[in-house]
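# Close look at the chain arrangement
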Amino acid sequence: MSLHSTRYLCSCSAGVLRNSDGRGLVVRRHFARLASPKEPSPRRKSFYALLLLPAAGAAGYYATLDAQQKRRVRVTGEGIQRFWRSLKIGLTISLDYWWALRGLNDLSPEYAEAIQPCHQRAADRILSGCLENGGLYIKLGQGLVSMNHILPKEYSETLSVLQDKALNRRAHEVEQLLEEDFGVSSKELFRQFDEEPIAAASLAQVHRAVTHNGEEVAVKVQYIDLRDRFSGDIWTCEILLDLIALMHPNFGFKWALQDLKGTLAAELDFEAEARNAERCAQELSHLKYVYVPKVMWNRCSKRVLTMEYIAGCKVNDKDGIKSIGLSLKDVDEKLIKTFAEQIFHTGFVHADPHPGNVLVRKGADDRAQLVLLDHGLYDYLQPQNRVSLCKLWKAIVLNDHVQMKQYAAELGVQEYFMFCCLLAHRKLPFPKEGHKFLPQSRKAFLDLDKAERGKLREQAWESMMAVLKGMPRPMMLILR
């Protein structure tokens, strides 16, 4: 650019700034504002201060709290996150089923092809939510695994990892809990304490330790925030079940959660679990092939359970059982006899016997010995219910429908046939006179028109709900 052009532009700019119509002054004022920003007014300063005051006050209040109080505040915030996460998962699953299956005939190959991936996506989402939320949600996920006779296999297979899934916990959480409950650290309680857990469940994790007397023990430590978050998580689950019932009227399992409230709360009391273990050991003491680890009461609290450490194979580890020279047939027979003893004789029933809670080791006679672990969840069958259930099982084996009906009624269930199928985990032969609404064969079902099939499904579902609601409450846990 030439010198003349430069002078021309400068003079034009100066002219704009000096223009008598005032437009040049606007430009000048604009640059002036950029050079020296305007100070906020006193009113605006006061407004900003009012906004910051609550946050500063909350931060100051939080700083004055002790560790337990801070944990409760944190649990409340995390509870809100769990609620929205659970709500999102529930709505996503419902909408996914609706969208994937819309307009499809439920007996068509297209429906069968579409619903299996839908089941898998739902199971994956539930698994993700259980792992992220932890605590009670893990327990509910384990409950779904045990309902493999009702739910699609995609659910039970996907959620089965929850049986032994270790949860990520905050550093030094175990030490903090031990100091809160015993007033001392793990080093003072034990000669040796392994920080890495050897097992983890929905409510606690287990650490291996050695006492000052040299005894090897298993220390079950409850997740430190579980009691604080229990009520909020139950409330969230109730809200979700209400919403699901609105979207899917035939789905109604809130009553089951109500029944489980008491048992879940009882599982949080490890002193009660210790008493359950000792009662179980006493009642099964005549079965020499059953062993319950001893309780170390001087190192127990509501949130800490210390018991004798026992090594063994999981009851479903066939290769492991064979490798120590034991017979699978012997294990099967002893397993059946053990739980039959509880269900039909003592009535005090271990209601959470998944493979991680039943170990197998070689006994003093070089034959299989069962080791029963995790005695937090028990229920009691009344004597009259035990007698009726025993006779009902005999009727199922003999295919005696008259007695099936009689003893199911004694247990409070009128729809005896579906109840017996549920107990046996398989379809039973129909009575000679046929069922009041179930067709005799799949061909007979397919011969019905679409409206009749839909009505039949509704009847079957309502009948199943009536069965579950009618049976004695302890039976819900025993069905697992």
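Rules behind the numbers
Residues numbered from 1 in each chain as written. Predicted model: local features only at pLDDT ≥ 70, side-chain atom pairs only at ≥ 80, totals over all residues. Heavy atoms only, no water. Buried < 20%, exposed > 50% of the residue type's maximum accessible area, 1.4 Å probe, protein only. Helix = DSSP H or I, 4+ residues; strand = E, 2+ residues; numbered from the N terminus. Pairing = 2+ DSSP bridges. Core = buried A, V, L, I, M, F, W, Y, C linked by side-chain atoms within 4.5 Å. Phe/Tyr/Trp six-rings, centres within 6.5 Å; stacked < 30°, edge-to-face > 60°. Lys NZ or Arg CZ within 6 Å of the ring centre and 35° of its normal. pLDDT = per-residue confidence, 0-100. Contact = heavy atoms within 4.5 Å. Axes fitted to C-alpha atoms, helices over the stretch in contact; angles between N-to-C directions. Parallel < 35°, antiparallel > 145°, perpendicular 65-115°, else oblique. Nonpolar A, V, L, I, M, F, W, Y, C, P; charged D, E, K, R; others polar. Salt bridge = Lys/Arg side-chain N within 4 Å of Asp/Glu carboxyl O.

So, about the pairing of strand E6 (residues 304–308). Where burial is concerned, most of E6 is hidden: 4 out of the 5 residues are buried. The pairing of strand E4 (residues 216–222) with E6 spans 5 bridges and is antiparallel. Across the sheet, Val 219 pairs through a bridge with Thr 306, a residue of E6.

The next subject is the nonpolar core. A general feature of soluble globular proteins is that nonpolar side chains tend to end up buried together. Membership of the largest hydrophobic core comes to 34 residues, with the highest contact counts inside it found for Leu 392, Ile 396, Phe 419, Leu 423 and Met 471. Elements that contribute at least two residues to this core include exactly helix H15 (383–398), helix H16 (401–410), helix H17 (416–424) and helix H19 (450–470). Top element by residues in this core is H17. It accounts for 9 residues. In terms of nonpolar packing, the next biggest core, distinct from the first, is built from 27 residues, Leu 305, Ile 321, Val 358 and Leu 372 among them.

This next bit is on the pairing of strand E10 (residues 368–372). In terms of residue burial, E10 counts as a mostly covered element, since 5 of its 5 residues are buried. The two faces of E10 match: Ala 368, Leu 370 and Leu 372 on one face and Gln 369 and Val 371 on the other face are all buried. In this sheet, E10 lies alongside strand E5 (residues 290–291) in parallel orientation, the contact comprising 2 bridges. In the strand pairing of E10, Val 290 is matched with Leu 370. Here strand E9 (residues 358–362) runs beside E10; their pairing, made up of 5 bridges, is antiparallel. If you follow Val 360 over to E10, its bridge partner there is Leu 370. Linking E9 back to E10 in an antiparallel pair, the connection comprises 5 residues, with Asp 366 at a positive phi of about 65 degrees.

Moving on, we come to the packing of aromatic side chains. This model, assessed by the stated rule, comprises 7 aromatic pairs. Relative to Phe 430, the ring of Phe 417 lies with its centre 5.1 Å away and its plane at 15 degrees, an arrangement referred to as stacked. Taken together, the residues Phe 417 in helix H17 and Phe 430 in the loop between H17 and helix H18 (442–446) connect sequence positions 13 residues apart. In this structure, Phe 417 and Phe 430 share a single accessibility class: buried. Linked through ring pairs, Phe 83, Trp 84 and Trp 235 together constitute an aromatic cluster. Lying across the ring of Phe 348, Arg 279 places its NZ or CZ 3.9 Å from the centre. Above the ring of Tyr 291, the side-chain terminus of Arg 361 is found at 4.8 Å from the ring centroid.

Let us look at the confidence of the model for the chain. For any part of a model where pLDDT is low, the fine detail of the predicted coordinates should not be relied upon. Residues at a pLDDT of 70 or more form 77% of the chain, whose mean pLDDT is 81. For the stretch residues 1–27, pLDDT sits under 50, and the model shows 9 contacts to residues farther than four places along the chain or on other chains.

This part is about the packing of helix H14 (residues 328–346) against H15. A packed helix pair is summarised by two numbers, namely the angle formed by the two axes and the spacing between the axes. Where H14 contacts H15, the two axes come as close as 8 Å, and the packing angle between them is 125 degrees. By the criterion of interaxial angle, the relationship of H14 to H15 is oblique. Mapping the contact onto sequence places Ile 343, Phe 344, His 345 and Thr 346 in H14 and Arg 386, Leu 389, Cys 390 and Trp 393 in H15. In the contact of H14 with H15, the residues fall into 5 nonpolar, 2 polar and 1 charged.

Okay, the pattern of salt bridges next. Scanning all chains against the criterion turns up 17 salt bridges. In this structure, the salt-bridge partner of Glu 132 is Arg 85, at a minimum N-O distance of 3.4 Å. Here Glu 132 is found in helix H5 (residues 109–133), whereas its partner Arg 85 is found in helix H4 (residues 67–101), with 47 residues between them in sequence. Measuring nitrogen to oxygen at the nearest pair gives 2.9 Å for the salt bridge that ties Arg 303 to Glu 180. Of the two residues, Arg 303 is situated in the loop between E5 and E6 and Glu 180 in helix H8 (residues 173–182); the sequence distance between them amounts to 123 residues. Of the residues examined, Arg 303 reaches a relative accessible area of 10% and is grouped as buried. Residue Glu 180 is classed as partly exposed on the basis of its relative accessible area of 25%.

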